[in-house]
Amino acid sequence: MKEQAFYCRTKERRRELIKKYDIFPLAHLKLVNGQTKLSAAVDTITDQYYCFTYKNRINENDKGSFFCGLFVANDFLDILNLNSLPLFNPFHSGTHNTINKIEINVEKSNKDNSWNALAKEAFIAINILIMVWNIVPYGKLEKILNDIVKYPKSEPYSWKIKEINRIIGFDISKRTLTEMINELISMDKRIKQYQFPEMKKVLRNEGMDIYI
């Protein structure tokens, strides 16, 4: 296999990278049927994976993002003393462990896993984009996702919902988010048909074209 730009296969290598770079986890997702990803540790990921960003502590132009599997991700989180991120698992309940659940582990001491309804829809929408577009979020989308994960019980500001909707509108195939979900369902029938009533309500109230 070809070595990745941010190669991180061994524990020693990961510790070297953390001394040189600021590394931050952005998302934790489950692959759907037939999907694979190449990890920066040069493994093929077939189940859960993490998206990380990195930035050189000295050279600000040396920055980027990478994917890795659960084992490598957990080691990074352990070294960085960070909690695990919520797992976005898009399947129907009853077909797999933790399916149709978004697990909140942001605050280990927090036993109340309730979400604000709008925040949960926005979280799902962004993770669907990550899955379909094969991206690691950056810019405003990165900030919105980080804020939602950090404050899952707080209602997102309307500008954040409008920004997610605006970004969806840039889809190269001109698909709505619902059409993207339908394509995922065609790949794996276990995937839930998500609805976004709270997001659509915000967009209607703002008089926006809706791409969800």
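Residues numbered from 1 in each chain as written. Predicted model: local features only at pLDDT ≥ 70, side-chain atom pairs only at ≥ 80, totals over all residues. Heavy atoms only, no water.

(A) The pattern of salt bridges, seen in detail. Applying the stated criterion across every chain yields a total of 14 salt bridges. Residue lysine 143 is joined to aspartate 147 by a salt bridge in which the shortest nitrogen-to-oxygen separation is 3.1 Å. Taken as a pair, lysine 143 and aspartate 147 lie in helix α4 (residues 139-150) at a separation of 4 residues, close to a single helical turn. With relative accessibility at 44%, the residue lysine 143 sits in the partly exposed group. With a shortest N-O distance of 2.6 Å, glutamate 163 and arginine 166 are connected by a salt bridge. Of the two residues, glutamate 163 and arginine 166 both sit in helix α5 (residues 158-168), 3 residues apart, roughly one turn of that helix. Connected via shared salt-bridge partners are Lys11, Arg14, Arg15 and Asp75. (Salt bridge = Lys/Arg side-chain N within 4 Å of Asp/Glu carboxyl O. Helix = DSSP H or I, 4+ residues; strand = E, 2+ residues; numbered from the N terminus. Buried < 20%, exposed > 50% of the residue type's maximum accessible area, 1.4 Å probe, protein only.)

(B) Local environment of the nonpolar core. Grouped together as the largest cluster of nonpolar side chains are 63 residues, with contacts concentrated most on Ile23, Tyr49, Phe66, Phe76, Ile164, Leu177 and Phe196. No other element matches helix α3 (residues 117-133), which puts 11 residues into this core. (Core = buried A, V, L, I, M, F, W, Y, C linked by side-chain atoms within 4.5 Å.)

(C) A look at the packing of α3 against α4. Interhelical geometry of α3 versus α4 gives an angle of 135° and a closest axis separation of 10 Å. One element, α3, and the other, α4, form an angle in the oblique class. Relative to α4, the crossing made by α3 is left-handed. On the side of α3, the interface is formed by Ala119, Ala122, Phe123, Ile126, Asn127 and Ile130, while α4 contributes Leu141, Ile144, Leu145, Ile148 and Val149. When its residues are assigned to classes, the contact of α3 with α4 shows 10 nonpolar, 1 polar and no charged. (Axes fitted to C-alpha atoms, helices over the stretch in contact; angles between N-to-C directions. Parallel < 35°, antiparallel > 145°, perpendicular 65-115°, else oblique. Left-handed = near helix turned anticlockwise from the far one by under 90°. Contact = heavy atoms within 4.5 Å. Nonpolar A, V, L, I, M, F, W, Y, C, P; charged D, E, K, R; others polar.)

(D) Representation of the packing of aromatic side chains. Tallying each qualifying case throughout the model produces 13 aromatic pairs. On the numbers, 6.1 Å between centres and 35° between planes, the contact of phenylalanine 88 with tyrosine 194 is tilted. Here tyrosine 194 lies in the loop between α6 (177-187) and α7 (197-205) and phenylalanine 88 lies in strand β6 (residues 87-88), a separation of 106 residues in the sequence. With respect to burial, phenylalanine 88 and tyrosine 194 carry one shared label: buried. Aromatic side chains tryptophan 115 and phenylalanine 123 sit 5.1 Å apart centroid to centroid with 45° between the ring planes, which places their arrangement in the tilted category. Residue classification places phenylalanine 123 among the buried positions, given a relative accessible area of 2%. Feature note: the residues Phe6, Tyr21, Tyr50, Phe52, Tyr54, Phe66 and Phe76 constitute an aromatic cluster, connected by ring pairs. Above the face of the phenylalanine 67 ring, lysine 37 is positioned so that its terminal group lies 4.4 Å from the ring centre. (Phe/Tyr/Trp six-rings, centres within 6.5 Å; stacked < 30°, edge-to-face > 60°. Lys NZ or Arg CZ within 6 Å of the ring centre and 35° of its normal.)

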